[in-house]
Amino acid sequence: SLNDKQACMDLVGKCNSCETENEWRSVRLFIAESLACMKCGRRHYAPIPDAVADRVSENVEKLIARYGMVCFWGVNSFFYSLCKKLRIADKGCVVCVDKSAIRHGLNILGGKLKPTEVIKHEKIGCVVVTVPQYYPSLAPSIKTEFPGVSKIVSIAELLSGVFAP
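The rules behind each value
- Residues numbered from 1 in each chain as written.
- Predicted model: local features only at pLDDT ≥ 70, side-chain atom pairs only at ≥ 80, totals over all residues.
- Heavy atoms only, no water.
- 1 Å grid on protein atoms, 1.4 Å probe; cavity = no way out; pocket = protein on both sides within 12 Å on 5 of 7 lines; lining within 4 Å.
- Points joined across faces, edges and corners; volume = space filled by probe spheres on them.
- Nonpolar A, V, L, I, M, F, W, Y, C, P; charged D, E, K, R; others polar.
- Core = buried A, V, L, I, M, F, W, Y, C linked by side-chain atoms within 4.5 Å.
- Buried < 20%, exposed > 50% of the residue type's maximum accessible area, 1.4 Å probe, protein only.
- Helix = DSSP H or I, 4+ residues; strand = E, 2+ residues; numbered from the N terminus.
- Contact = heavy atoms within 4.5 Å.
- Expected span 1.5 Å × (residues − 1).
- Phe/Tyr/Trp six-rings, centres within 6.5 Å; stacked < 30°, edge-to-face > 60°.
- Pairing = 2+ DSSP bridges.
- Axes fitted to C-alpha atoms, helices over the stretch in contact; angles between N-to-C directions.
- Disulfide = S-S within 2.5 Å.

S.K.: Could you clarify how one ought to interpret the layout of surface pockets in this entry?
M.R.: Considered as a void within the structure, the largest pocket measures approximately 180 Å³ in volume. For the lining of the largest pocket, a count of residues per class yields 6 nonpolar, 3 polar and 3 charged.

Shown next as structure tokens:
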């Protein structure tokens, strides 16, 4: 079950190794959290429910309609997997950035992962911080470094049924 306000979900699944039925509670979304089998300890990664991808896609479309260019800030393995499920009509309106130079050039959402400086050169109206626990520290620095950005949100906010761009 999905808790969109807390950006977490409860999962039930069978271990691929020992076939033990497992139940994991309050698995946080948008981080690369592994889930251990309670019997054998094998690690599994949380799936990305279609409901999560659909809600994020729908709200990114609203952000594009309101702010034009939207930038996703930060790429971890969960977000990279989520991108494969996102349905964004005009991928030309989305840019992905990361501070880590080793990731620059990675193919993502029909383009290449870029350095954050691209925000100064593109007309980016909105930045979505893709790792919710980094949002409190990143948002103020993004606002300072990139004053042309009108809206900064955590990706967890895009799950809210009452999200307003």
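Once the structure has been displayed, the description carries forward.
S.K.: What is the right way to read the nonpolar core from this model?
M.R.: In summary, soluble globular proteins display a tendency toward joint burial of nonpolar side chains. Ranked by internal contacts, the top residues of the largest apolar core, which has 40 residues, are Phe 30 and Phe 72. Sorting the residues of this core by element identifies β2 (8-14), β3 (21-28), α1 (50-67), β6 (69-73), α2 (77-83), β7 (94-97) and β10 (124-129) as the ones contributing at least two each. Ranked by the residues each element gives to this core, the list is headed by α1, at 7 residues. The residues contacting Phe 72, other than those within four sequence positions of it, are Val 60, Phe 79, Leu 86, Ile 88, Val 94, Val 95, Cys 96, Val 97, Leu 109, Val 128 and Thr 130. Within the second largest apolar cluster, 16 residues are counted, among which are Trp 73, Val 127, Ile 142 and Ile 152.

S.K.: Please clarify how α1 should be interpreted in this entry.
M.R.: Every α-helix carries 3.6 residues per turn, so stepping three or four residues along brings you back to the same face. Between the first and last C-alpha of α1 there are 25 Å, a value that for 18 residues agrees with the 26 Å anticipated at 1.5 Å per step. Among all positions of α1, only Val 52, Ala 53, Val 56, Ser 57, Asn 59, Val 60, Leu 63, Ile 64 and Tyr 67 are buried. The positive-phi residue at the C-terminal boundary of α1 is Gly 68, with phi of around 80 degrees.

S.K.: I'm lost on the packing of aromatic side chains in this one. Help?
M.R.: The relation between two aromatic rings is expressed through the spacing of the ring centres and the mutual angle of the planes. Enumeration over the complete set of coordinates arrives at 2 aromatic pairs. Here the aromatic rings of Phe 72 and Phe 79 are separated by 5.0 Å at their centres, their planes lie at 50 degrees, and the arrangement is tilted. Between Trp 73 and Phe 146 the ring centres are 6.1 Å apart and the planes differ by 70 degrees, which places this aromatic pair in the edge-to-face class. In this pair, Trp 73 is assigned in strand β6 and Phe 146 in the loop between α4 (135-145) and β11 (151-154), connecting sequence segments 73 residues apart. No difference in accessibility class separates Trp 73 from Phe 146, as the two residues are buried.

S.K.: How should I be thinking about the sheet that holds β6 in this particular structure?
M.R.: The pairing of strands in a sheet happens through backbone hydrogen bonds and is either parallel or antiparallel. Read from one edge of the open sheet, 4 strands run β7-β6-β10-β11, paired in parallel fashion. A strand with exactly one partner marks an edge of an open sheet, and here the two such strands are β7 and β11. Neighbour to neighbour, the strand axes of the sheet diverge by 25 degrees on average, direction disregarded. Bridging between β6 and β7 involves 4 bridges; their strand directions are parallel. Following the sheet pairing, Cys 71 is matched in β7 by Val 95. Here α4 sits on the sheet in contact with β6, β10 and β11, set at roughly 170 degrees to β11.

S.K.: Would you take a moment to explain the pairing of β2 for this structure?
M.R.: When a strand is regular, its side chains alternate between the sheet's two faces. As paired elements, β2 and β3 share 6 bridges and run antiparallel to each other. Bridged to Cys 8 within β3 is Arg 28. Remark: 6 residues form the turn of the hairpin made by β2 and β3, two consecutive strands paired antiparallel; Glu 19 in that turn has positive phi of roughly 65 degrees.

S.K.: Looking at this model, I keep getting lost on the environment of Phe 146. Mind explaining?
M.R.: Since its relative accessible area comes to 3%, Phe 146 is described here as buried. Taking C-alpha positions, Phe 146 is 8.9 Å from Glu 117, a pair spaced 29 residues apart along the chain. Setting aside its immediate chain neighbours within four residues, Phe 146 contacts Trp 73, Thr 116, Ile 119 and Lys 120.

S.K.: Sorry, what's going on with the state of the cysteines here?
M.R.: What we call a disulfide is simply a covalent bond connecting the sulfur atoms of a pair of cysteines. Counted under the stated rule, the structure contains 0 disulfides. Between Cys 71, a cysteine without a disulfide, and Cys 96, which holds the nearest cysteine sulfur, the sulfur-to-sulfur distance is 7.3 Å.

S.K.: Mind showing me how you'd approach unusual backbone geometry here?
M.R.: The general pattern is negative phi for most residues beyond glycine and trans for most peptide bonds. Residue Glu 19 is not a glycine yet carries a positive backbone phi of 65 degrees. Turning to its location among the elements, Glu 19 is positioned in the loop between β2 and β3. According to the relative accessible area criterion, Glu 19 is exposed, its value standing at 55%.

Any link to function would need more than the numbers given here.
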